[in-house]
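The primary structure of each chain is shown beneath.
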Protein chains: 2
Amino acid sequence: MSNDAAATDVLVVGGGMAGLAGALALKENGADVTLVEVAPAFREVGAGLQMAPNASRVLKRWGLLEKALEIGVQPKHLVFRDAVTGEELTRQTLGGEFEERYGAPYVVIHRSDLHRILLEACQDAGVTLVNDVQVQKVETDGDRAKAYSAKGEVFEADAILAADGLKSTLRGQVANDGPVNSAYVAYRGTVPITPETPAADLEDVIVYLGPNCHLVQYPLRKGELLNTVAVFKSASFERGEEQYGGVDELEAAYAGCVPAVQEALKNLATGIRWPMYDRDPIENWVAGRMALIGDAAHPMLQYLAQGACQALEDAAVLQDATQGLVFTDEGVNPGAWEAAFSEFNGVRAARTARVQRTARIWGESWHVDGVARVLRNMLFKSRGDNNFQYNDWLYGRSEPGVPAEVPAVSAGSARGSLVEA
Amino acid sequence: MSNDAAATDVLVVGGGMAGLAGALALKENGADVTLVEVAPAFREVGAGLQMAPNASRVLKRWGLLEKALEIGVQPKHLVFRDAVTGEELTRQTLGGEFEERYGAPYVVIHRSDLHRILLEACQDAGVTLVNDVQVQKVETDGDRAKAYSAKGEVFEADAILAADGLKSTLRGQVANDGPVNSAYVAYRGTVPITPETPAADLEDVIVYLGPNCHLVQYPLRKGELLNTVAVFKSASFERGEEQYGGVDELEAAYAGCVPAVQEALKNLATGIRWPMYDRDPIENWVAGRMALIGDAAHPMLQYLAQGACQALEDAAVLQDATQGLVFTDEGVNPGAWEAAFSEFNGVRAARTARVQRTARIWGESWHVDGVARVLRNMLFKSRGDNNFQYNDWLYGRSEPGVPAEVPAVSAGSARGSLVEA
């Protein structure tokens, strides 16, 4: 236990996607950045992750897109099918017009690969990375923010980024809320693609929509792995049982689905069950010298596949909001942190609230039965490929709250060199 | 009480739309037709009725369309609105391309006016019309069908048309089923259009769709009357009360709707409440020398406004199915009735079953809330005017089960002269 405070410009609490992206963004602006993570090592649990163009544009801006493309896959189509009949409901071609319109490719990538790319970029940029630090308390209202760890460490910084995820401790500084349980549980799995793997659809993201369940499949690692996610409404949760959503419910949840879906359940790793939570949107993410970022600010259900994407958007907007205000030609101006956080919060909150709310409704529309399923299928089938009316708000390049494609650069910016031409 | 059997070629049981249309159709073929009706006078209860082109084509075939147009209204559009927001969801222009495609106009007409037109046509054609006859029992398996009334009258005929409606007694000959309660109740009303009537929409059929309720408005009698129908899910029915759907539930049922809808409730006649029933489709409508027609064969919910329309289609198909088989150049051939009824049944049952089933789902889609309402509204809004993909199966001129636009005429047909050129 030490009473010596470690001093830095920016302390980032949490080493997930949001924390790494935020640390990288501010380091790029020239800040001294220390990132602390509770886990003993930096790693990412989970399977595949979909990076829509709004996220791959941010990687491109940071010069990291090529690395993602080296290890990831650019799927040819996003295809929705009815899980009960197998019928195709709609498809979007992801190259061509789509990529051109949104200015970057749609990429699927293993979560651990994206995490590693961001981690290495932080290391290369000189972010100080510290494991085994559990921040329990922060003081954010002085000229220097302070963070206190469970072991008694003290960190002093001009500003704190709270990137401590869905179950954020630091969110308690601005909101008195908790995670909202959606009653849905996910199982994930990645298996090698072999000559025995059914050959259909291996180049696409396929989403099977069923009553109270869905299943997503797509390739990873240059097509060597098949990623499968099964998400279903837990019957035992509905009955009020505390230990709900066990693997014993899987088969029954998909009993009404086509064989291709039932077969795909074998690809799941049943050791980890993922209960699906989000929170209601909140307007204020800022307490003095601290701002929430990523899931800590706006945890969302996974139906739009935007959790990591919105964290990347956050970081890029924060990079621009601090550039010129906090990070100036004359050096760091700590007095401007409140204004910069307020700008960041103002630009981002309405957009992420819309993503949170739309993800809920979008998910509901996947899981309907009866007449709602009939309507859903008719609606989806009425949509033609390259009809972008439902996509533009989310993937569009100049929608409100979306970061610029090229960072704001001042003459004093330390590392503008990383930016792609 | 008499033992003298009244003898005729065809006995029609029931003097509603189906019975009158069936009697007219067979009389046109040259049959002696007697129609018996339980009520002491021929009349039609109710308010407005929508005749889609598939029905007005049948009137045209019989030379009766001009009469309907003299008293009815050709609305300019069919418009769907969300009852909660008032937002327009979709519209179909009913003249022009629509009328051309389907070969006849869309006409709204008072039920009593259409009933009178058919009644007068039967009288002009020489159908024997008898009131105050309650048929309780039929014998249909001999060479001569027999019907026995509550008062002891006996009617003998080559064939019987059972047109005794939703609560058909004679359907018991072929099916052991009963009406299905939809939990919805309707109130109807017609009020004079005055200078004080809100001027909007008076030339259109307007349907407001709300959660568990809807409201329909259109003009009648050359625009002198405004017809209003309000249909809502009865809360007291849901609670299991026997006397459900009282007028006291009206206000609460529409509490969430826009003022235009709430105001329109004042136009309803609250003296009669109409519980909405249908039945499940059945395949066989024929017992020996008897066939069901109209609601007795295929009672349906009102959402597609096809009850009377399908009865008219029935009659026209029956006219063609008997022409040349029963009604030949050499006179009436009673031995062919079974074959003719089988042909009629075969042509019609799949089509009316589809209308019955679609009416249920269509009605469900009107009354949804939550995510299903979001999907419904998106689907409706994605549809352009003159997009006929959802209409062709019902209104199309050459769909399976639809009567020919010109009747089959043999040389011996007695009254081909009534047919329009």
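Residues numbered from 1 in each chain as written. Chains lettered and ligands numbered in written order. Predicted model: local features only at pLDDT ≥ 70, side-chain atom pairs only at ≥ 80, totals over all residues. Heavy atoms only, no water.

(A) Just the side chain of H115(B), in detail. All names here are of chain B. Mapped onto the elements of the fold, H115 is located in helix 5 (residues 111–125). A polar side-chain atom of H115 sits 2.8 Å from the main-chain carbonyl oxygen of G15. Residues in contact with H115, not counting those within four places in the same chain, are G15, G16, M17, L20, F42, R43 and E44. (Helix = DSSP H or I, 4+ residues; strand = E, 2+ residues; numbered from the N terminus. Polar contact = N/O pair within 3.5 Å; in protein donor to acceptor, adjacent residues only side chain to side chain. Contact = heavy atoms within 4.5 Å.)

(B) How the structure looks around the packing of aromatic side chains. Residue and element names in this part refer to chain A. One pass over the full model with this rule turns up 36 aromatic pairs over all chains. Measuring from ring centre to ring centre gives 5.7 Å for W362 and W366, while their planes differ by 70°; the resulting arrangement is edge-to-face. With W362 and W366 both in helix 10 (residues 337–366) and four residues apart, the pair spans about one turn of that helix. The structure contains a cluster of three or more aromatic residues connected by ring pairs, namely F80, Y303, W362, W366 and F380. (Phe/Tyr/Trp six-rings, centres within 6.5 Å; stacked < 30°, edge-to-face > 60°.)

(C) A look at the relation of the copies chain B and chain A. Laying chain B over chain A is done by rotating through 179° and shifting 0.0 Å along the axis; what remains is an RMSD of 0.0 Å. What we have between these two chains is a two-fold relation. Looking at the interface residues of chain B, 100% of them are also at the interface in chain A, so both copies use one shared face. (Least-squares fit on C-alpha atoms with pLDDT ≥ 70 in both.)

(D) Seen up close, the UniProt feature "domain: FAD-binding" (unreviewed entry) in chain A. UniProt's entry tags residues 8–318 of chain A with the feature "domain: FAD-binding" (unreviewed entry), counted in the numbering of this structure. The annotated region residues 8–318 of chain A carries 24% helix and 33% strand content, and the separation between its end C-alpha atoms amounts to 18 Å. (UniProt positions renumbered as here; feature names shortened; annotations may be inferred.)

(E) Geometry of unusual backbone geometry. Residues and elements named next belong to chain A. Residues other than glycine seldom take positive phi values, yet K222 does so here, at roughly 55°. Mapped onto the elements, K222 comes out in the loop between strand 13 (213–220) and strand 14 (225–233). Phi is positive for A305, close to 55°, though the residue is something other than glycine. Relative to the elements of secondary structure, A305 occurs in the loop between strand 17 (290–292) and helix 9 (307–322).

(F) The sheet that holds strand 5 (residues 88–93) of chain B, seen in detail. Residue and element names in this part refer to chain B. Taken together, the seven strands give an open sheet; going across it, the order is 5-4-12-13-14-11-15, and neighbouring strands pair in mixed fashion. Either end of the sheet is taken by a strand with one partner, and the two such strands are strand 5 and strand 15 (269–278). Recorded for the sheet is a direction-independent mean angle of 20° between the axes of neighbouring strands. When strand 4 (residues 77–82) meets strand 12 (residues 205–210), the two strands line up parallel, connected through five bridges. Within the sheet, the bridge partner assigned to V79 lies in strand 12 and is I206. Helix-sheet contacts for helix 10 (residues 337–366) involve strand 4, strand 11 (180–192), strand 12, strand 13 (213–220) and strand 15, and the interaxial angle to strand 12 is about 70°. Each of strand 4, strand 5 and strand 12 is contacted by helix 11 (residues 370–382), which is oriented at about 35° to strand 5, the strand it contacts most. (Pairing = 2+ DSSP bridges. Axes fitted to C-alpha atoms, helices over the stretch in contact; angles between N-to-C directions.)

(G) Inspection of the interface of chain B and chain A at higher detail. Each side of the interface is counted separately: chain B has 13 residues, and chain A has 13 residues. Interface area, chain B with chain A, both sides summed: about 1200 Å², of which 86% is carbon and sulfur. Run the count over chain B and chain A and you get zero salt bridges. The tally of links from chain B across to chain A stands at one residue pair in polar contact (both at pLDDT 80 or more). (Buried area = accessible area lost by both parts, 1.4 Å probe. Salt bridge = Lys/Arg side-chain N within 4 Å of Asp/Glu carboxyl O.)

(H) Representation of the packing of helix 1 (residues 17–28) of chain A against helix 9 of chain A. Residue and element names in this part refer to chain A. Two elements in contact, helix 1 and helix 9, have axes whose closest approach is 8 Å; the angle formed by their N-to-C orientations is 20°. As the angle between them shows, helix 1 and helix 9 are arranged roughly parallel. You can see that helix 1 and helix 9 cross each other, and the crossing is right-handed. Between helix 1 and helix 9, the contacting residues are M17, A18, A21, G22, A25, L26 and E28 on the first element and A308, A311, L312, A315, L318, Q319 and T322 on the second. Among the residues making up the contact of helix 1 with helix 9, the classes are represented as ten nonpolar, three polar and one charged. (Parallel < 35°, antiparallel > 145°, perpendicular 65-115°, else oblique. Left-handed = near helix turned anticlockwise from the far one by under 90°. Nonpolar A, V, L, I, M, F, W, Y, C, P; charged D, E, K, R; others polar.)

(I) Just the environment of A349(B), in detail. Residue and element names in this part refer to chain B. On the secondary structure map, A349 appears in helix 10. Residue classification places A349 among the buried positions, given a relative accessible area of 11%. In this structure, the C-alpha to C-alpha distance between A349 and H298, residues 51 residues apart in sequence, is 8.3 Å. Beyond its immediate chain neighbours, meaning those up to four positions away, A349 contacts E283 and W285. (Buried < 20%, exposed > 50% of the residue type's maximum accessible area, 1.4 Å probe, protein only.)

(J) Quick peek at the confidence of the model for chain A. Residues and elements named next belong to chain A. Overall, the prediction assigns chain A a mean pLDDT of 93, with 96% of residues at 70 or greater. Contacts for the low-pLDDT stretch residues 411–421, under 50 throughout, to residues beyond four places or in other chains number 20 contacts. Confidence metrics for the complex model read pTM 0.89 and ipTM 0.84. (pLDDT = per-residue confidence, 0-100.)

(K) Just the sheet that holds strand 11 (residues 180–192) of chain A, in detail. Residue and element names in this part refer to chain A. Spatially, seven strands are ordered 5-4-12-13-14-11-15 in an open sheet, and the strand pairing comes out mixed. Every interior strand has two partners, whereas the edge strands, strand 5 (88–93) and strand 15 (269–278), have only one. The mean angle between the axes of side-by-side strands here comes to 20°, regardless of whether they run parallel or antiparallel. In terms of strand pairing, strand 11 meets strand 15 through five bridges, oriented antiparallel. Each residue of the ladder has a partner; that of V180, found in strand 15, is D278. Contacts from helix 10 reach strand 4 (77–82), strand 11, strand 12 (205–210), strand 13 and strand 15 within the one sheet, and its direction differs from that of strand 12 by about 70°. Sheet contacts for helix 11 (residues 370–382): strand 4, strand 5 and strand 12; angle to strand 5, the most-contacted strand, approximately 35°.

(L) Geometry of helix 5 of chain B. Residue and element names in this part refer to chain B. For helix 5, spanning 15 residues, the distance from its first C-alpha to its last is 21 Å, which sits close to the expected 21 Å at 1.5 Å a residue. Within the sequence span of helix 5, burial applies to D113, L114, H115, I117, L118, L119, A121, C122 and A125. G126 lies just past helix 5 and shows a positive phi near 95°. (Expected span 1.5 Å × (residues − 1).)

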